[in-house]
Structure formats: C-alpha cells, structure tokens
Amino acid sequence: MAELMNGAQIVLECLVREKVDCFFGYPGGVTLPLYDALYDHAIKHILVRHEQNACFAAQGYARATGKVGVCCATSGPGATNLITALVDALMDSIPVVAITGQVSTKMIGSDAFQEADTFGITRPCTKHNYMVKNLADLPQIIHEAFHIAASGRPGPVLIDIPKDVFQAQGHYQPVTTIHLPGYKINMDGHAGQIRRAAQMIWEAEKPMVYAGGGILAAGASEDLRELVELADIPAVTTLMALGALPANHPNYISMPGMHGSYAANMAITDSDLLIALGTRFDDRVTGRLAAFAPHARVIHVDIDPAEISKNRTADIPIVGDVKKVLEKLNQNLRELAPEMQATNSAARKAWWSQVRGWKAEHPLEPEFSTEEIKPQHLMAEIDRLSGGEAIVASDVGQHQMWGAQLIRFNHPRLWINSGGLGSMGFGLPAAIGAQFARPDKLVFALVGDGGFQMSIPELATIANHALPVKIIVMNNGYLGMVRQWQELFYKNRLSSVLLEGFPDPEKLAGAYGFTGKTVEKPGELRAALEEAVRHPGPYLLNVRVSPFENVYPMVPAGGAINEMVLAPSQPVTA
Ligand SMILES: Cc1ncc(C[n+]2csc(CCOP(=O)(O)OP(=O)(O)O)c2C)c(N)n1
C-alpha cells in the first residue's frame, strides 16, 4: 500500500515525478500546507519577491531549457499577481504550470478572506486551467497539466487547489495514461501537402524562409538549417526565434518586422514563396498585412490549426509539429533534387545576389561616438563578450530592439524576451529563471531604466542565491520606446516619459550586498563590461547612454514593411 500523504505532499510527489528540480513562488495562508510540506523536501523552492516574477522566472527557466517552468502563488492577490506573466506565457507559447492556492471548498463563493475566482479570471489567460475539488483527482490533474503545458503548442496551465484539498489525506496513485478526448495534436503533417511544398520550393525563383518561435518549441533548429542548406534559401528569424539559425550562418539574413533589417523586409516583400515555419504572422512582423509578401505564395507549417490562414491565407497549409514536418520536407527535397534542383538555378542565383545586395546596402551596424555611449555601442560590446554563446534575457523597449538587432546568437534558447505581450518587468526575473536552469552559462539581464525599476525587488532573490546574473541597465533616462513614439508621432510632446530619480546603482546593489557601478564614457564601456563579467557574483552595471537615440529601421504603425524609415533624417508619417 502506498504511503499515506496529504494533498500538499502529493503535489510535491507529482512535481518530482515530472522531474521538476526547482520552482518559483511566494507563500500565503491557503498554501501553508504546501510550504509546510516543502520544509523538509528535496525539491528546491525559490522565494521571489512578487508573484508576477515567480511566473516570469518560471518562463525564463522554460525558455532557456524547453522544460516546463513551475510557479506557485497563494489565493486572491497572490493568484491575481500572476496574471500578466500568464498572459505573457500564453502569447509566446511557453510551457508553464502555475499552482495557486484557493480557499477551502466549503468557503468557495462566500467572499472568504483572499478569495478570488482564479479559475474564472485565468480562463482566458491560460492554455487550460483546473480547479481541484477532490484529493483523488490531484495526481491525474497535475500530470495532465504538465502534458498540456508541454505538448502541441505549449502554453501556461493553472491548477487551483483549495486549502482543504492540500490538507486531506490520501495516497499518490501513479498516473500511467493521459486520455484527453478533446485534445488532439496532429504531429505529422499531411504527406501530400509536404510533397507539394517540396515541389514548390524547387520551383520558386525567390523563396524565403520565415521562421518563428515554433522552431524553438519543437527543437527543430537542425532541421531548419538542413532545409536552408539543402535548397539554399535565405532565412529570417522572428524576435522569438533569434538563434534558431546561427547568426553567422551564410543563409541567415536577420530579423524582419517593425525594427527588422532592410534586407529582411525587402526580401520578404519581393519573395515569390514564403515558407512560414512555426510562426504566426504577428502584426509587428507583417506591418500592413495587405502589403506583406504581396507576390508570394505561402507554405505555412504550424502545430496549431488556429494559426493557419488566421492572418494570411496559406496556399499550402500544413498542420503538424514543425520538426516532424521539416524532417519529411527535407527528405522530399532530397528525393526531388535530381530532377528539380536545376529548374531555376539562374533565377535563384540572381535572387541571392539581390538579397546580398540589400544586406550590403543597409547592414545592421552599431553606431559609435566619442562623446557618449550609443545604445548600439553597448549592444556591440555585449555581442563581443557573448561570442554568440551567452544567455541574454531582455526587458521590453528600445534596448530590446537594439539587442535583437545587434547581439548575435549561435544557438536557440539564448535570447529570452517577452515578444507577444511585451511585458516590462520581464527581463530581470526571466534572467533569474534562466540562471537557475543554466548555472553553467553567462546570463545577462538586459534592461531599460524603466523596466529595471519594475523589477528591483528581485535584487534580493539574486543576492540571496548569489546568482551571477550580470544586470546591464541601458539607462537613457527615459521610457525610451514611448519617448521615441512621442517624438516621431506626437510632435515631440514628451509626456510622462522622463525617468527622474534613478537610484544610485552602487548604493542600490550595495544595499543588497553586491556590486554596482555606473559607466558613462564610451572609452570605459568595454572595461566596465569585462569587469562585470569577470566578477564572480551578481553585478549591476548602469550604462548611461545617449538619451535621444531612436531605433531604426522603423516601420511606422500601419505601414508596409518595405516602407522603412532608415535614419533619423528621413521624414516619418504615422
Ligand atoms: C508593463 C508595461 N507597461 C507599459 C508598457 C509600454 N512600454 C513599452 S516600451 C516602454 C518604455 C520602456 O522604457 P525602458 O524600460 O526605460 O526601456 P527603453 O525603451 O528606454 O530601452 C513602455 C512604457 C509595457 N510594454 N509594459
């Protein structure tokens, strides 16, 4: 007979069986039984300083590894504090399991202390959610939650557990099968469609690969590389997929979209075949949809049928796991190569010289000044120190866009950022999660002075665990991205974007017991960054950069992606 346990112990047993080695959370009244069970349990619980950051850290863990990240919060305010980060995980398809406490079953609906309808509130914020009413259901639900979070199109799953379920006594019953009648995942993709896609690829004169975060989720980077090499196709990767192809791969162009490169946007616009892989035609990539790749036929591969033809009609829709589909597509391309490879060799050659021409015409290059540190200079130095190998967890704003443009990644899961929701306050806690997941890695938290101030409480978490995260604040003294839009589209009427009163970094980090410094001279930047990286523990480096720099290229909202503003001197129309 299995050992008698309470619900809280059963939760932990389930986590152990799901191979969870650490999770992030914040306790409260109804989760007391869980935290009591944790008291002498081997599983590591990381006490953060705000529930939102528990979920962001869980995301950082998940994004750095591909494993499910786990977070925990108490009922009421604890649970509602998770909301932003849950939606963030949903938008970026990140596997997270969130466990929340709930008031006891007999109190539900009575407006009990710290009662909130977590199940109702989180329904649209999660891939799936549960409320556990009986102890006997607990193991089944938890294992199902992990399965749902990680399978198909990944996403956050929330389990709301009332206090009396945590306290009830029972046994852990191993769960051997997960049978979810309404949850079918089509992994393989339609063989006939894949064959047609391969033919279309060989027939195309100007093919482009447009790869998104689904490549990372499916672990399909190698297959992507094989595809672009086999058929010698230029490729762009979205903000969510930087590193899906190594940045120095000869077929890699760069990031497309609102702040994408000239070459990426021009090549998409001119292409005659767009091979969209694990990507969702997000408005920040497409700009004005009607003008996006207007001459291209579209092959769209996605595990989520809801994405196919949602924004752009697919000529060849393929619902399936992008890794499995690419394996078959590559096999088909190889089979067809002897008869088709030469079909358009002259046109393909011309296409490549055109794409290379665009790249050479307007490369993404850092700017330097001898007077002030340019933001791009900072990114170039981080790039140099990283050598394509460090994890960079970014916050949201101008620094994120410059980081995405100028820091190069040789592998997937190194660039960690909030893409779909664009949540300020993401970068620092995500770096914490990533550093727990990858203690072997150099981890930068790249943050703006605005987003950093949303995350300051987590300096305590970093200090408590002596996490060697290198916090790099790109400090322009403004809510830079909003200031940029006010300058360009609101006649430079700068309204509530000046961030006065940034705390002294030396004193701030010092208050938490670690090192902080400011650098403002371009000539001192490299040494300052090197010192931060060399330093064995956490480090806060406040980098004062030029306040009024704007991110270019820029596609004004509603514009076509080939209508980029390339430089400050060019007029911008909204
Ligand atoms: C939680 C949240 N609130 C507001 C915004 C809107 N927003 C987008 S970028 C930005 C400015 C960010 O400023 P900062 O952190 O200093 O970074 P910078 O743009 O200067 O690099 C703001 C306010 C947001 N994305 N997230």
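Residues numbered from 1 in each chain as written. Predicted model: local features only at pLDDT ≥ 70, side-chain atom pairs only at ≥ 80, totals over all residues. Heavy atoms only, no water.

J.: Looking at this structure, how should I read the overall build of the chain?
T.: Regarding its fold elements, the chain presents 23 helices and 20 strands. For 574 residues, the compact-globule estimate of 2.2 N^0.38 gives 25 Å, and the C-alpha radius of gyration of the chain, at 24 Å, lies within 12% of that figure. Seen along its three principal axes, the alpha-carbon backbone of the chain occupies a region of about 75 × 60 × 40 Å. Buried residues in the chain amount to 59% of all 574 residues. Partitioning the intrachain contacts of the chain with sequence separation of at least 6 by distance along the chain shows that 75% fall at a separation of at least 24. With the model as given, the accessible surface of the chain reaches about 22400 Å², and the carbon-plus-sulfur share is 51%. (Helix = DSSP H or I, 4+ residues; strand = E, 2+ residues; numbered from the N terminus. Rg over C-alpha atoms; globule rule 2.2 N^0.38 Å. Buried < 20%, exposed > 50% of the residue type's maximum accessible area, 1.4 Å probe, protein only. Contact = heavy atoms within 4.5 Å. Areas by Shrake-Rupley, 256 points an atom, 1.4 Å probe, with all protein chains shown as cover.)

J.: I would appreciate a short explanation of the sheet that holds strand 10 (residues 235-237) in the present structure.
T.: Strand pairing in a sheet relies on backbone hydrogen bonds. The paired strands run either parallel or antiparallel. Reading across from one edge, 11-10-9-12-13-14 is the order of the 6 strands in this open sheet, with parallel pairing throughout. A single partner strand is all that each edge strand has here, and the edge strands are strand 11 (252-254) and strand 14 (316-319). In this sheet, adjacent strand axes meet at a mean angle of 20° when their direction is disregarded. Examined bridge by bridge, strand 9 (residues 207-211) and strand 10 share 3 bridges and lie parallel to one another. Considered in strand 10, the bridge of Val209 is made with Ala235. (Pairing = 2+ DSSP bridges. Axes fitted to C-alpha atoms, helices over the stretch in contact; angles between N-to-C directions.)

J.: In this structure, what is going on with the pairing of strand 5 (residues 96-102)? I would like to understand it.
T.: Side chains on a regular strand alternate between the two faces of the sheet. Burial of strand 5 is extensive: 7 of the 7 residues sit out of reach of the surface. When strand 4 (residues 69-73) meets strand 5, the two strands line up parallel, connected through 5 bridges. The partner of Gly69 across the bridge, within strand 5, is Val96. By the bridge criterion, 7 bridges tie strand 5 to strand 7 (residues 156-162) in an arrangement that is parallel. Note that in strand 7 the partner of Ala98 across the bridge is Leu158.

J.: Help me understand the environment of Met266 in this model?
T.: Its place among the elements puts Met266 in helix 12 (residues 262-270). A relative accessible area of 17% places Met266 in the buried class. Considered as a pair, Met266 and His190 are 76 residues apart in the sequence and their alpha carbons are 31 Å apart. Contact partners of Met266, with chain neighbours within four places excluded, come to Trp358, Asn562 and Met564.

J.: Please explain the packing of helix 9 (residues 191-203) against helix 14 (residues 322-340) as it appears in this structure.
T.: Angle between the axes and distance between the axes: these two values describe a pair of packed helices. Where helix 9 contacts helix 14, the axes come no closer than 8 Å and their chain directions differ by 50°. The angle between helix 9 and helix 14 places the two elements in the oblique class. Here helix 9 runs over helix 14; the crossing is right-handed. Between helix 9, through Ile194, Arg195, Ala197, Ala198, Gln199, Ile201, Trp202 and Glu203, and helix 14, the contact on the second element is made entirely by Val325, Lys328, Leu329, Asn332, Leu333, Glu335, Leu336, Ala337 and Met340. A class-by-class count of the residues in the contact of helix 9 with helix 14 yields 11 nonpolar, 2 polar and 4 charged. (Parallel < 35°, antiparallel > 145°, perpendicular 65-115°, else oblique. Left-handed = near helix turned anticlockwise from the far one by under 90°. Nonpolar A, V, L, I, M, F, W, Y, C, P; charged D, E, K, R; others polar.)

J.: Can you walk me through the pattern of salt bridges in this structure?
T.: Per the stated rule, a full pass over the model turns up 23 salt bridges. In this structure, the salt-bridge partner of Asp270 is Lys206, at a minimum N-O distance of 3.3 Å. Placement of the pair is Asp270 in helix 12 and Lys206 in the loop between helix 9 and strand 9, with a sequence separation of 64 residues. A relative accessible area of 27% means that Lys206 is categorised as partly exposed. Measuring nitrogen to oxygen at the nearest pair gives 2.9 Å for the salt bridge that ties Lys374 to Glu549. Residue Lys374 is located in the loop between helix 15 (345-361) and helix 16 (375-386), and its partner Glu549 is located in the segment after strand 20 (539-544); the two are separated by 175 residues in the primary sequence. With respect to class, Lys374 is no different from Glu549; both count as buried. In the salt-bridge network here, residues are joined through shared partners; they are Arg153, Asp304, Glu307 and Lys310. (Salt bridge = Lys/Arg side-chain N within 4 Å of Asp/Glu carboxyl O.)

J.: What am I meant to see in the site of the ligand here?
T.: Taken together, 17 residues sit near the ligand, with Gln398, His399, Gly422, Gly451 and Gly480 positioned nearest. Here an oxygen atom of the ligand sits 2.8 Å away from a polar atom, N or O, in the main chain of Gly451. Within the side chain of Asn476, one N or O atom sits 2.9 Å away from an oxygen atom of the ligand. Coverage of the ligand by the protein chains reaches 76% of its 580 Å² of free accessible surface. Counting residues per element, the ones that place at least two in the shell around the ligand are helix 17 (398-406), helix 19 (449-455) and helix 21 (480-489). A per-class count over the shell around the ligand returns 7 nonpolar, 9 polar and 1 charged. (Near = heavy atom within 4 Å. Polar contact = N/O pair within 3.5 Å; in protein donor to acceptor, adjacent residues only side chain to side chain.)

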